[in-house]
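Summary of structural features
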Amino acid sequence: ELIQVILSSTSLPTLKHYAEQFKVFLSQQFSGLTQIHYYGPCPAPIEQIRLHKRMHVVLKVPHQDLEEVKNLLFMFPPPPSSVRVIVDIDAQTLL
């Protein structure tokens, strides 16, 4: 299963800071799990929509671990008000 997490903000420094915090969180949570892979954060395929800069993280998760990973993702602290987070479970396209 693929999970795509899209982060967007009008402030690129704020976006990069939050994305880095998210990366640290993922590396701590999934350090011992070799079957779960994540890529990013990196610029999204569509890097900007209107004034919002976008980054994304893609997670590749075995089907049996999907619920556990979803619960872990929602444990991450909420973003600042200027950052939007969209979680796409079972992503079909990565735009």
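Below or above, wherever it landed, is the structure these notes cover. (Residues numbered from 1 in each chain as written. Predicted model: local features only at pLDDT ≥ 70, side-chain atom pairs only at ≥ 80, totals over all residues. Heavy atoms only, no water.)

Sheets are built from strands that pair by backbone hydrogen bonding, the pairs being arranged parallel or antiparallel. Taken in spatial order, the four strands of this open sheet run β2-β3-β1-β4, and their pairing is antiparallel. At either end of the open sheet lies a strand with only one pairing partner, and these are β2 (37-49) and β4 (83-89). Taking the axes of each pair of neighbouring strands and ignoring which way they run, one obtains an average angle of 20° across the sheet. With seven bridges joining them, β2 and strand β3 (residues 52-60) adopt antiparallel strand pairing. (Pairing = 2+ DSSP bridges. Helix = DSSP H or I, 4+ residues; strand = E, 2+ residues; numbered from the N terminus. Axes fitted to C-alpha atoms, helices over the stretch in contact; angles between N-to-C directions.)

What follows concerns the environment of M75. Mapped onto the secondary structure, M75 falls in the loop between α2 (66-73) and β4. For M75, a relative accessible area of 58% translates into the label exposed. (Buried < 20%, exposed > 50% of the residue type's maximum accessible area, 1.4 Å probe, protein only.)

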